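# Examination of the molecular architecture
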Amino acid sequence: MKKITAAAALAGMIATGLGPASAQDASKRAIPSERQGDVDESRSDSPNGGRPEIRTHEDMAVMAPYTAPGARTYSALAVDASDSQWPVTLYYRCKYPRGGTSINAPVPQPMEVFDDVYSIGDDANNIWAIDTSEGIILIDALTTEEDARNIIVRHMKQVGLDPARISLIIVTHEHGDHYGGAPYMKSLSGAPIAATQEAWDSKPSFGPPMPVRGPDDLLLVDGQEITIGDRTITVVATPGHTRGTVSLVFPVSDHGTPHVAALFGGQGKPRAMADYLEFRRGLNHFAEYTDRMQADVILSNHTVGDDGLTRIDQLARRQPGDPNPYVVGREGVIRYDALFRACLSADIDQMTYDAMHEGESDQVPPPTSASDASPLSGDHLVTQEMIDGWKHSLSNWGRWGSDDEKGTLNFITPQVRQRAAKEVRRGLSVSLERAITPVHIAPDHEGPLPRAAVVQRMLSGPPKRTTGSTDQLSIVAHGYTETHLDAFGHHFHDGKMYNGFAVSDHVSMDEGLSRGSIAAFSEGVFTRGVLVDIPMLRGVAYLEPGTPIYVEDLEAWEKFTGVRIGPGDAVFIRTGRWQAEAERGPWDIANLAAGLDASVIPWLHERDIALVGTESAMSVKPFPDTTQIDNPDDYLPAHNFALVTLGMPLIDNADLDALSQMARSLDRYTFLLTVAPIRVTTGTGATVNPIATF
């Protein structure tokens, strides 16, 4: 890669056949050195002038060499989401380290992209003109009066549009290359300029000053619908690129076939972490509109935002019956959204990682002990005396009546369920269950069953039966392998289970449980789920086995994501166990596991959490030195206390890797959780398949 020269750009423009005027105009555009981007000279004669492309994971590793494990995961998700549909966009979204991206590429010819929707911009900025029955809507206006006159006006005339018919000039954000030519375009037509209050009030970071808002100019606000003639445009506030950025959703048609276009109004990377986080939130907000309006077209106000130069070239070569290259379908819009979000998240993760490891080498070892596992940790002393006291002061026994067997699931009220249903915005689901590979035994097997979590015996099938098959499954409801939901009859303190039910009265080796069985959860779980991804927070692939998680970590995650854990939530805490096992092989997870420190117990009670899911058995093993407990009933302090004293159902051995990937790609860490355990009236627990739906 090296920088393109003005001569090379000029030759490329002349080669497109746009004529000397186009070449002369574009050659005047000087690019400051700090904004100058790289060019792939092997592709300098391409429609986009040699802009770099990322199509593969190998391309990403070379062109965006992130060092943080989380950032590398995000960037890989971006490659998968792009699926080679936006190779230029992917490069500019995920370019790392940040730097210049501008080049002089061939100026595209103006053309009608959709029915009455025209591309009339230059090589860097897409300028859109929408011809309605009551005038033209102009989206953005380039940098100067000269740009507006030599490019916008000339291009409008080339496609048969009269600038005097402009009825509205929309400014997508307060950067000079979007509003600088607006006063000139207004002088030709008298059309008002529309921008957000933040844009009107802004001081320019480059280019001419933002025009002073006139009495006829308009204010854009979130959710606003602007109708001119036969066209309605929906305005969506998407701050982040700038404070006043807006994006647009509007109907289009291609030879009469209806579509819906989504135009994201802010493309370049911000500089501050707060702006990155706001950018992600704005993207999430925009996705809600594109989902609701079923957008299937991606447009941009910059040619790097929608691979615009390539698509314009494809459109110019389009033959009758060929698809419109801007129509990407619902899947394409979702992929574009995921690409954009994953690149933003990669930068956020890298910035967080760099801040945490400032002054260290790139090869940062994961934490290996309680002292370095959580830099926020303070005094986490928990003694047996403290635990015994909490069994009284933090107890939920009797809170919902003396006969209650639902425990903290009582926090999931009808109102909580209604709010949880609103978490479904994209209709995307992921399983949190670890896949089970059963041990198989012969149909005529006699004697004890093998010691395994799940044993399968085929009862019928080919060759004797060719119309179907049946089997018998023997399932161990607990342990450290399969994902399962613990019932309250699974653990006891001093001969009693949750709510004070005596073990001697309600647990029988002959008949199972008469209280505290899995059947008490027969209404299932339908509530808001919250992912707490501690490896992501710490910038590592996984926590070292034996790493404790403290309240400070949980609250740091809340601050990082902006999500506060509250009443009725189901909290899933990822440690990266399964990723560690994939890389290192299995180990004695029963005695060496990352998990919650005992000092977290009061926090669990304070937050009125309904359910907790983890990737092992919740508690850290072995105990750190600050946990001084000797009662065998408390051998898994947080786990056993939650079940018995809090009455909190627990999901053990969840597989949260796929959930983590989806949450990162969507930049959403809350979801609808659904769990429906089998209704075994005397069972101590059940294997379950929790489902997270976004």
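Definitions and limits used
- Residues numbered from 1 in each chain as written.
- Predicted model: local features only at pLDDT ≥ 70, side-chain atom pairs only at ≥ 80, totals over all residues.
- Heavy atoms only, no water.
- Helix = DSSP H or I, 4+ residues; strand = E, 2+ residues; numbered from the N terminus.
- Buried < 20%, exposed > 50% of the residue type's maximum accessible area, 1.4 Å probe, protein only.
- Areas by Shrake-Rupley, 256 points an atom, 1.4 Å probe, with all protein chains shown as cover.
- Axes fitted to C-alpha atoms, helices over the stretch in contact; angles between N-to-C directions.
- Parallel < 35°, antiparallel > 145°, perpendicular 65-115°, else oblique.
- Left-handed = near helix turned anticlockwise from the far one by under 90°.
- Contact = heavy atoms within 4.5 Å.
- Salt bridge = Lys/Arg side-chain N within 4 Å of Asp/Glu carboxyl O.
- Patch = residues over 30% accessible without salt bridge, like charges linked within 9 Å, V, L, I, M, F, W, Y side chains within 5 Å.
- Lys, Arg positive; Asp, Glu negative; His and termini not counted.
- Charge placed at Lys NZ, Arg CZ, Asp CG, Glu CD.
- Core = buried A, V, L, I, M, F, W, Y, C linked by side-chain atoms within 4.5 Å.
- Pairing = 2+ DSSP bridges.
- Phe/Tyr/Trp six-rings, centres within 6.5 Å; stacked < 30°, edge-to-face > 60°.
- pLDDT = per-residue confidence, 0-100.
- Nonpolar A, V, L, I, M, F, W, Y, C, P; charged D, E, K, R; others polar.
- Disulfide = S-S within 2.5 Å.

A few words on the overall build of the protein. Counting its regular elements, the protein contains 22 helices and 30 strands. The buried share of the protein, reckoned over its 694 residues, is 56%. When the accessible surface of the protein is split by element, carbon and sulfur atoms take 52% of a total near 28,200 Å².

We now examine unusual backbone geometry. Note the cis peptide between Pro462 and Pro463, where omega equals 5°. With respect to the element layout, Pro463 can be found in the loop between strand S16 (454-460) and strand S17 (470-475). That bond from Lys621 to Pro622 is cis: its omega, -5°, falls within 30 degrees of zero. Along the chain, Pro622 turns up in the loop between strand S25 (611-614) and strand S26 (627-628). A positive phi is found at Leu142, a non-glycine position, where the angle reads about 65°. Located in the positive-phi region is Gln294, a residue other than glycine, with phi close to 60°. Considering the arrangement of structural elements, one finds Gln294 in the loop between helix H10 (273-292) and strand S12 (297-300).

Turning our attention to the packing of H10 against helix H12 (residues 329-356). The contact between H10 and H12 brings their axes to 10 Å, and the two run at 165°. By the angle between their axes, H10 is roughly antiparallel relative to H12. Like other packed secondary-structure pairs, H10 and H12 cross with a definite hand, here left-handed. Residues Met273, Tyr276, Leu277, Phe279, Arg280, Leu283, Asn284, Ala287, Thr290 and Asp291 of H10 pack against Arg330, Val333, Asp337, Phe340, Arg341, Leu344, Ser345, Asp347, Ile348, Met351 and Thr352 of H12.

Let us look at the pattern of salt bridges. Taken as a whole and assessed by the stated rule, the structure comprises 31 salt bridges. For the salt bridge of Arg165 with Asp131, the shortest nitrogen-to-oxygen distance reads 2.9 Å. Remark: Asp131 occurs in strand S3 (residues 128-132) and Arg165 occurs in the loop between helix H6 (145-158) and strand S5 (166-170); sequence separation between them is 34 residues. Accessibility expressed as a relative area gives 17% for Asp131, which makes it buried. A salt bridge links Glu405 to Arg515, with the shortest nitrogen-to-oxygen separation between them at 2.9 Å.

Among the surface-exposed residues, Glu112, Asp116, Glu134 and Asp230 lie close enough to one another that they form a single negatively charged patch. On the secondary structure map, Glu112 appears in strand S1 (residues 111-114).

This part covers the nonpolar core. Among the nonpolar cores identified, the biggest contains 114 residues, and Leu90, Phe572, Ile573, Leu604, Leu659 and Phe694 are the most heavily contacted of them. Looking at this core, the element that brings in the most residues is H12, giving 11 residues.

Burial runs high along strand S10 (residues 246-254): 8 of the 9 residues are buried. Where strand S9 (residues 231-237) meets S10, 4 bridges bridge the pair, whose relative direction is antiparallel. Residue Thr234 lies in a different strand from S10, and its bridge partner there is Val249. As judged from the 7 bridges shared by S10 and strand S11 (residues 257-264), these two strands associate in the antiparallel manner. Pairing of Val249 across the sheet is with Ala262, part of S11. Taking the residues that link successive antiparallel strands as the turn, the S10-S11 hairpin has 2 residues, and the phi of His255 there is positive, at about 50°.

Moving on, we get to the packing of aromatic side chains. By the definition in use, this model includes 16 aromatic pairs. Look at Trp86 and Tyr336: their rings are 5.2 Å apart centre to centre, the planes differ by 70°, and that puts the pair in the edge-to-face class. Of this pair, Trp86 sits in the loop between helix H4 (69-82) and helix H5 (87-94) while Tyr336 sits in helix H12, and the two are 250 residues apart along the sequence. Comparing Trp86 with Tyr336, the two get one shared label, buried. Arranged with centres 5.2 Å apart and planes meeting at 85°, the rings of Trp557 and Tyr669 form a pair that is edge-to-face. Remark: Tyr669 occurs in the loop between helix H22 (657-666) and strand S28 (670-675) and Trp557 occurs in helix H18 (residues 551-561); sequence separation between them is 112 residues. For the pair Trp557 and Tyr669, a shared accessibility class is recorded, and that class is buried. Among the aromatic residues, those joined into a ring-pair cluster are Trp86, Phe264, Phe279, Phe286, Tyr336 and Phe340.

What follows covers helix H21 (residues 637-646). With respect to burial, H21 is a largely interior element, 10 of its 10 residues being buried. Along H21, the positions that sit buried rather than exposed are Pro637, Ala638, His639, Asn640, Phe641, Ala642, Leu643, Val644, Thr645 and Leu646. Positive phi shows up at Gly647, right after H21, with a value of about 65°.

Let's shift gears to the confidence of the model for the protein. Of the residues in the protein, 88% have a pLDDT of 70 or more, and the chain-wide mean is 87. Long-range and interchain partners of residues 1-28, a stretch whose pLDDT sits below 50, account for 42 contacts in this model, where long-range means more than four residues apart. pLDDT under 50 marks residues 361-378. Its contacts with residues more than four places away, or in other chains, come to 28 contacts.

In this section: the sheet that holds strand S15 (residues 439-441). What the 3 strands build is an open sheet, ordered S15-S16-S17; its pairing is mixed. The open sheet terminates on both sides in strands that have one partner only, identified here as S15 and S17. This sheet shows a mean twist of 30° between the axes of neighbouring strands, independent of strand direction. Bridge count between S15 and S16: 3 bridges; the pairing is parallel. Counterpart to His440 in the pairing with S16 is Gln456.

Our next topic: the packing of H5 against H12. Each pair of packed helices can be summarised by the angle the axes make with each other and by the distance between the axes. Remark: H5 packs on H12, axes separated minimally by 9 Å, with the N-to-C direction vectors making an angle of 25°. On the basis of the axis angle, H5 is roughly parallel to H12. Considering only the axes of H5 and H12, their crossing is right-handed. Contact residues: H5 offers Thr89, Leu90, Arg93 and Cys94, while H12 offers Tyr336, Leu339, Phe340, Cys343 and Asp347. Partitioned by chemical class, the residues of the contact of H5 with H12 number 6 nonpolar, 1 polar and 2 charged.

This next bit is on the state of the cysteines. Throughout the structure, instances matching the rule amount to 1 disulfide. A disulfide bridge connects Cys94 with Cys343, and the sulfur atoms are separated by 2.1 Å. Taking the sign of the S-S torsion, about -105° here, the bridge from Cys94 to Cys343 comes out left-handed. Residue Cys94 is found in helix H5, and its partner Cys343 is found in helix H12; the two are separated by 249 residues along the sequence. Of the residues examined, Cys343 reaches a relative accessible area of 0% and is grouped as buried.

Let's shift gears to the sheet that holds S10. Taking strand neighbours across the sheet as the criterion, the 5 strands line up as S8-S9-S10-S11-S12 in an open arrangement whose pairing is mixed. Strands with a single pairing partner mark the edges of an open sheet, and in this sheet they are strand S8 (225-228) and S12. On average, each strand axis in the sheet is inclined to that of its neighbour by 30°, with strand direction left out of account. As defined by bridge partners, S8 adjoins S9 across 4 bridges and the pair is classed as antiparallel. The residue bridging Thr227 from the neighbouring strand is Thr232, located in S9.

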